[in-house]
Every structure is written in C-alpha cells, then in structure tokens.
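Architecture and fold: a report
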Amino acid sequence: MTSGPHPIGSASPSGPPRAISSAAAIDFAAAAGHAAGRSLDVRWIHGSESAKHNTDPELQVHHYDERTVILRQNMAVNYEAPFLFLLFGNERAVLIDTGATASPELFPLRRVVDELVAGWLARHPRTAYELLVLHSHGHGDHIAGDAQFAGRPDTVVVDAAPDTVRPFLGLGDDPDRPAHLDLGGRVLTCLTGPGHHEAALAYYDPFTGFLLTGDTVYPGRLYIADWDAYVATIDRLIAFAAAHPVSHVLGCHIEMTDRPGVDYPIRYTHQPDEPPLQMTVAQLHDIRRALGEVAARPGRHAFDDFVICYRTD
C-alpha cells in the first residue's frame, strides 16, 4: 500500500494519462452527462428487525451504469451502513471511501472490489490498470477498510488527513479553487468541503452528473463541527451546482425516515422506510435556508429532509 501525495504510476493525478490499449479507450468527454436522466430508484438493503438473522449481503452492489458502481454496507455489520462509490476510467478506477469495518471476514470489501475490477477489465481489456483509494473525509466509518488494500498491486491508498490528500489532489490554500483528478479521460472535479470534518471533500463527475458530498450533505443528521466553514462549504456547493449540470447529490448515509423531519434513532439497524439516497440541488438551497434559520444556535434542529446538529463543546 502506498500512502501520501505520490503520483500514480508515471503520471500525476491531474496530469495526462499514461498510454493504454487504445482499442479499448472510452471517450468520456464526448459522453459527459449521458446518464443524467438515469433512474436511481433503488431498494437499498436497510437492515432487519433481528441483526443476528439478517440475510443481506455484506455489501450491496448497484451498477448505476457500466462504469459507475454504488455500494452499501450491511447494517448488521455496522449500523452506519455507509455508501461507497467505485468509478472506472480508462487508466484507473477510484474507490471513494472504504466503509466502517476493518475485518475482511466481516466486510469483504477488497474481494468485492477485486471482482468488480476484474469483471470490468474482462469487458474492457487494458494492458495496465490501477486502483486509487480516496475518501470523502477521515471519520472511522469511511476509512476502516483501508488496510484491506495493503499489498494490492497497482494500488494507491491516500491517507484522508488534509495535509496528505489535499497536496495529492492538487488542492491549495484557496478553498474556492478546485482540483481535477484524471482517471484516464474521466476527469473528476475535487472540492474542499470542511465544516463536518476538516478533511472533507466533494467530488463531481461530469460523466454521470454526480456530486458526491460525503457526510456534508445527505438525508440524515448533518453534524457540524465548524459552523462558518460548513456554511461556506454549502455556499461553495451551491455555486458549483449553478455552473455545472448536477443529476444527483449523493452523500454517504441515509438516516431519515420517509416522514418529514423524522430520523431513525442512532445505532438503529432496521430502516425499512428510508427516503432515497439521492438529493437535489434544490435541497442544497433548503439546507442553506435552514442554516440561516438556525443561525449557529447549538442543538438539534429538524427539517423535512435532514436534521442540523451543531455542538460547540
């Protein structure tokens, strides 16, 4: 496993991709936005009344399209049940987050990812292919599986600490200046997003129109550690979405019920009445208005689609 701000192979993450098998190259730029209207009407695994008797897979695998996979961890393995994202480019794939459980016996993330990569390469042969492991932020339920990728060939795991990941991606001191990550034709925009966590990042994929927001925005409890930074991050996401076609705003958890303003209890492992994972740009504006109403008052503040949780101690 390689950590830190090192280039992948012979190219920097934002630089030109290495030469690959040209016969298999995909023109991502020409296909940008091709899946913007694709449905995300998915019945996600959501736990069971008896975690002991839960029969869901450790990881649910949903192929949004041929080049984009969304995974969800089983609540019986860890109540956080985070979502992970695997995106394939011409030169490399990126896995964003590694879940809430370290043990490969309980949570076989490496095996599942290896199978997905092998299947994709069987359909899209390459002479060389790499895996980059990044994170939405550094909380334990998003980095626990990192060690499973130790020793995996052609793999770079980037530590989630801000002084490591930001230089790796090319993010500087200006929080409003994004960086770009080239997966080989599929170029993600990387945005700093502190407020929930100092190392929080958002990723935009023009191929699908996904805006991946980690724990900063999702249908659940929005925990704010730094109020001013969080407000600035929401403003940054709104401004970015105004200038780019966003199909879905995708965070890493579902904690709300399908009843307005009602969330599931913390550590609950059965959520049969969840709302969709995907949120909208309009809901980004709802969050911004809610922040104005809360006005940095500590406490728990419930709104229809999310709960703002702000503590100052």
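Only a predicted model underlies this, so the values are computations on that prediction, with no experimental measurement involved. (Residues numbered from 1 in each chain as written. Predicted model: local features only at pLDDT ≥ 70, side-chain atom pairs only at ≥ 80, totals over all residues. Heavy atoms only, no water.)

1. Digging into the overall build of the protein
From N to C terminus, the protein includes 5 helices and 14 strands. Against the globule reference of 20 Å for 313 residues, the protein gives a C-alpha radius of gyration of 19 Å, in line with a compact fold. By the burial criterion, 56% of the 313 residues in the protein qualify as buried. At a minimum sequence separation of 6, the contacts of the protein that also span at least 24 residues come to 67%. Put simply, the protein shows about 12,800 Å² of open surface, and 52% of that area lies on carbon and sulfur atoms. (Helix = DSSP H or I, 4+ residues; strand = E, 2+ residues; numbered from the N terminus. Rg over C-alpha atoms; globule rule 2.2 N^0.38 Å. Buried < 20%, exposed > 50% of the residue type's maximum accessible area, 1.4 Å probe, protein only. Contact = heavy atoms within 4.5 Å. Areas by Shrake-Rupley, 256 points an atom, 1.4 Å probe, with all protein chains shown as cover.)

2. Concerning the sheet that holds strand S14 (residues 307-310)
Strand order in the open sheet formed by 3 strands is S11-S14-S13, and the pairing between neighbours is mixed. Each edge of the open sheet carries a strand with a single partner, namely strand S11 (221-224) and strand S13 (299-302). Strand-to-strand twist across the sheet, computed as the mean angle between neighbouring axes with direction ignored, equals 20°. Relative to S14, S13 runs antiparallel, the two being bridged by 4 bridges. Note on S14: the bridge partner recorded for histidine 301 is isoleucine 308. Across the sheet, helix H5 (residues 281-294) touches S11, S13 and S14, and the angle it forms with S14 is around 45°. (Pairing = 2+ DSSP bridges. Axes fitted to C-alpha atoms, helices over the stretch in contact; angles between N-to-C directions.)

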